[in-house]
Amino acid sequence: MTFKPHGKHLIAGNWIGGGATFQNEPATGEASSFSMGTVDLVNQACNAAEDAFWPYGYSTRASRAAFLNAIADEIEARAADITAIGCQETGLPEARLNGERGRTTGQLRLFAKVIEDGDYLDERHDAALPDRQLLPRPDLRLIQQPVGPVAVFGASNFPLAFSVAGGDTAAALAAGCPVVVKGHSSHPGTSEIVAEAVHAAIRKCGIAPGVFSLVQGGRRDVGTALVQHPMIKAVGFTGSLGGGRALFDLCASRPEPIPFFGELGSVNPMFVLPHALKARADAIAKGWAASMTASAGQLCTNPGIAVVPEGSDGDAFVASVADALKAIAPQTMLTSGMADAYRSGKSRFETRNSVKAVYTTDSTGRNASPNLYEVPMSTFLDDHTLAEEVFGPLSLVVRVPGAQDMPSLAKSFVGQLTATLHMDAEDTDLARRLMPILTRKAGRVLVNGYPTGVEVVDSMVHGGPYPASTNFGATSVGTMSIRRFLRPVCFQNMPEGLLPAA
């Protein structure tokens, strides 16, 4: 690896260091020191973002598309170093980092094409009707406009695709909004090198430098200052329910409340219907085991709960899952703190007499091994903590007395990112009964698949009712994510020369 972190913040085109420092916690290799974020740095970045909004927010779609493509080019130019430091800091495998980098550059290029095409603006025109009786109608045009500077919080579990130049940043820049990123302290070196790529693209394209800033680390007051700064007009966040809810409340309590687009996690229940269970129990079990342990279970779409009928077919399914998990080697978690939280989450299941341990392991240090538990429907409905996410490769099988009980169990779930049906043709009647419930509970409903792959396309929805996300009408993945950072403006009897360039 040729890249060596310098440990500074990028504030409106200037690399700024000094003051207190913190160290990263690499899975391998030596730690590096980084300057710690401050409220003053947040103020500098937000004020510069507001200054940059005036030229950038009203720039042409073509120039913004060129900027997004340039960021993608600069990231790819640093590909080997990004993968190397990403693997070192997070412990994620090289293939995962390479794939995530491709997703990051792919969505930048996709958003560039979307804004060049212009359909995202949802332009509408009702021509004047001067002769209409009883009253004439004026000429009316609706065009989406950027909201202003956006704050983005880097995600712990996606150092590229949901962090410095990830989906929230790409969507905001595509919309015409400058971005201030608060980097995640678990991978500051990865954040720094990606910020260097964005900085290089800014210089290449002649963009106002305040259009992007990165503030590294910092205590809670730094995040508070960022979401409450009067120049910030929206926030993008991927992280924990507790942290996200605290920021959401801060956004709502501002003198000028602003939208908080938080993706807060989910248990993503799977419903294994009886005919599919009888015909394909082993295949579904192996697929679930692979999905629940992907990236050490540190994915927001990790299917953490399977709903399965009681009886011999269900017993065979559970046994097959346990056998498949035995072949999964320990994996490195993103941070020691997350490994500790995983072990704490596991302890919730071990202290309940009505929860059956199907396959359990001991995880030490920063490693995590899979665990599988089973519980009857009655206990699950009585203990809501069993439906709370455990971030890591831990899953729960909920046994319903019969398939006819699945709809009532489905109604007990809170909002989810995804819900899955495993079904055969003979299960269609039951699936029809479940569908109205699942579409009300989740932002994405799957059949005969696993939710841990999220496509960056026009039709993707990565969001859902609270607490999966804080805005059920939005998605943080896919081209519709750009709409989060736009607002509709109506222009009445406006001369062509005064209309937005779009």
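Refer to the preceding data block for the structure.
Residues numbered from 1 in each chain as written. Predicted model: local features only at pLDDT ≥ 70, side-chain atom pairs only at ≥ 80, totals over all residues. Heavy atoms only, no water.

## Structural notes on the pattern of salt bridges
For the coordinates displayed, the defined rule picks out 23 salt bridges. The salt bridge partner of R141 is E496, with a shortest N-O separation of 3.1 Å. Of the two residues, R141 sits in strand β6 (residues 140-146) while E496 sits in the segment after β21 (486-492), which places them 355 residues apart along the sequence. You can call R141 partly exposed: its relative accessible area is 22%. A salt bridge links D323 to K326; the nearest nitrogen and oxygen atoms lie 3.6 Å apart. Of this pair, D323 and K326 both sit in helix α10 (residues 312-326), three residues apart, which is roughly one turn of that helix. Of the residues examined, K326 reaches a relative accessible area of 52% and is grouped as exposed. Each of E74, R78 and K204 takes part in a single network of salt bridges with overlapping partners. (Salt bridge = Lys/Arg side-chain N within 4 Å of Asp/Glu carboxyl O. Helix = DSSP H or I, 4+ residues; strand = E, 2+ residues; numbered from the N terminus. Buried < 20%, exposed > 50% of the residue type's maximum accessible area, 1.4 Å probe, protein only.)

## Details of unusual backbone geometry
Here the bond from Q133 into L134 is cis, since omega is 10°, no more than 30 degrees from zero. Mapped onto the elements of the fold, L134 is located in the loop between β5 (124-126) and β6. A positive phi angle, near 50°, is found at N268, a position not held by glycine. Topologically, N268 is positioned in the loop between β11 (260-263) and β12 (270-272).

## Remarks on the environment of T361
Its place among the elements puts T361 in the loop between β15 (356-359) and β16 (367-368). Spatially, the C-alpha atom of T361 lies 9.4 Å from that of K326, the residues being 35 residues apart in sequence. The residues touching T361, leaving out its near neighbours within four places in the chain, are K346, S369, P370 and N371. Of note is the side chain of T361, whose polar atom sits 3.4 Å from the backbone oxygen of S369. At 3.0 Å, the side chain of T361 and the backbone oxygen of P370 are in polar contact. (Contact = heavy atoms within 4.5 Å. Polar contact = N/O pair within 3.5 Å; in protein donor to acceptor, adjacent residues only side chain to side chain.)

## Some thoughts on the layout of surface pockets
Over the atoms, a rolled probe matching the size of one water molecule traces out where space is still vacant. Looking at the largest pocket, its volume works out to about 1,300 Å³. Lining the largest pocket are 46 residues; nearest its centre among them are G239, S240, L241, G242 and G243. A total of six residues in the lining of the largest pocket trace back to one element, the largest contributor, which is helix α8 (residues 241-253). Of the residues contributing to the lining of the largest pocket, the split by class is 18 nonpolar, 21 polar and seven charged. By volume, the second largest pocket amounts to about 320 Å³. Around the second largest pocket, the lining is made up of 15 residues, and of these V114, Y120, T479, M480 and R483 lie nearest the centre. (1 Å grid on protein atoms, 1.4 Å probe; cavity = no way out; pocket = protein on both sides within 12 Å on 5 of 7 lines; lining within 4 Å. Points joined across faces, edges and corners; volume = space filled by probe spheres on them. Nonpolar A, V, L, I, M, F, W, Y, C, P; charged D, E, K, R; others polar.)

## A short note on the packing of helix α4 (residues 94-117) against helix α5 (residues 167-175)
As a packed pair, α4 and α5 sit with axes 10 Å apart at the nearest point and diverge in direction by 20°. What the angle tells us is that α4 and α5 run roughly parallel. As α4 packs across α5, the resulting crossing turns out to be right-handed. In contact with Q107, L108, F111 and I115 of α4, α5 contributes G167, A170, A171 and A174. Residue classes in the contact of α4 with α5 are distributed as six nonpolar, two polar and no charged. (Axes fitted to C-alpha atoms, helices over the stretch in contact; angles between N-to-C directions. Parallel < 35°, antiparallel > 145°, perpendicular 65-115°, else oblique. Left-handed = near helix turned anticlockwise from the far one by under 90°.)

## What about α5?
Among the nine residues of α5, nine are classified as buried, and the element is accordingly described as predominantly covered. When α5 is considered as a whole, its buried residues turn out to be G167, D168, T169, A170, A171, A172, L173, A174 and A175.

## Digging into the nonpolar core
Ranked by size, the top nonpolar core spans 91 residues in total, and within it F212, F271 and I482 carry the most contacts. When residues no more than four places from it in sequence are discounted, the contact partners of F271 are V307, M406, A410, F413, T420, L421, H422, L434 and L438. By size, the runner-up hydrophobic cluster in this structure holds 22 residues, among which are I11, V42, V227 and V235. (Core = buried A, V, L, I, M, F, W, Y, C linked by side-chain atoms within 4.5 Å.)

## Quick word on the sheet that holds strand β18 (residues 394-400)
Here seven strands make up an open sheet; going across it, the order is β15-β17-β18-β13-β12-β19-β20 and the pairing mixed. Strands at the two margins of the open sheet, each flanked by one partner only, are β15 and β20 (442-447). Along the sheet, successive strands turn relative to each other by an average axial angle of 25°, direction set aside. Where β15 lies against strand β17 (residues 371-376), three bridges are found, and the strand directions are antiparallel. The partner of A357 across the bridge, within β17, is Y373. Helix-sheet contacts for helix α11 (residues 336-350) involve β17 and β18, and the interaxial angle to β17 is about 30°. (Pairing = 2+ DSSP bridges.)

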